[in-house]
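Commentary on secondary and tertiary structure
Single-letter residue listing:
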Amino acid sequence: MSEIHHAGELAYLDSFGGMLPVTVVSVEEEGSGRIAAGPGQGSLTIRPNVTRGGYQRGEIIAGQKACSVVPRDHHHYRGGHGRINAEYRWQ
């Protein structure tokens, strides 16, 4: 069963530059961590907590898929590699 997460929570944006710490500002459309395309992929607005690569701390970024915004407690390091537990939903 998927854990339910809401706006205001801390998360990571799974980006090309690695896991970027963010805060979820709002959830426009609820979505699942397991759905990458089509209905149910969700839409979130986030705010980066650090400046890294093309992301500036504090800027507002809209339209992120739910599978790309990972709640902090669903990202773990094991054996030197990051692992994502995709059993989550944003509502």
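First, a word on what this report is: a plain description of the structure on this page.

A look at the sheet that holds strand 2 (residues 10–15)
Paired through their backbone hydrogen bonds, the strands of a sheet run either parallel or antiparallel. The antiparallel open sheet is built from five strands, whose spatial order is 6-5-3-2-7. Two strands lie at the open edges of the sheet, namely strand 6 (61–64) and strand 7 (69–71), each paired on one side alone. Each strand axis lies, on average, 50 degrees off the axis of its neighbour in the sheet, ignoring direction. Where strand 2 and strand 3 (residues 18–29) come together, six bridges link them in antiparallel fashion. Looking across to strand 3, one finds that D14 is bridged to M19.

Points about the environment of Q41
Note that Q41 resides in the loop between strand 4 (31–32) and strand 5 (43–48). Overall, Q41 belongs to the partly exposed group, its relative accessible area being 23%. Sequence-wise, Q41 and L13 are 28 residues apart; in three dimensions their C-alpha atoms are separated by 15 Å. Apart from residues no more than four positions distant in its own chain, Q41 is found in contact with G31, I35, A36, K65, A66 and C67.

Describing the nonpolar core
Judged by nonpolar contacts, the single largest core of 14 residues is most densely connected at V24, I46, V69 and W90. Mapped by element, the contributors of at least two residues to this core are strand 2, strand 3, strand 5, strand 7 and strand 10 (88–90). For this core, the element with the highest residue contribution is strand 3, accounting for four residues. Contacts of I46, omitting those with residues within four sequence positions, involve L13, V22, T23, V24, V25, E59, I60, I61, Q64 and V69.

Reading the values: rules and limits
Residues numbered from 1 in each chain as written. Predicted model: local features only at pLDDT ≥ 70, side-chain atom pairs only at ≥ 80, totals over all residues. Heavy atoms only, no water. Pairing = 2+ DSSP bridges. Helix = DSSP H or I, 4+ residues; strand = E, 2+ residues; numbered from the N terminus. Axes fitted to C-alpha atoms, helices over the stretch in contact; angles between N-to-C directions. Buried < 20%, exposed > 50% of the residue type's maximum accessible area, 1.4 Å probe, protein only. Contact = heavy atoms within 4.5 Å. Core = buried A, V, L, I, M, F, W, Y, C linked by side-chain atoms within 4.5 Å.

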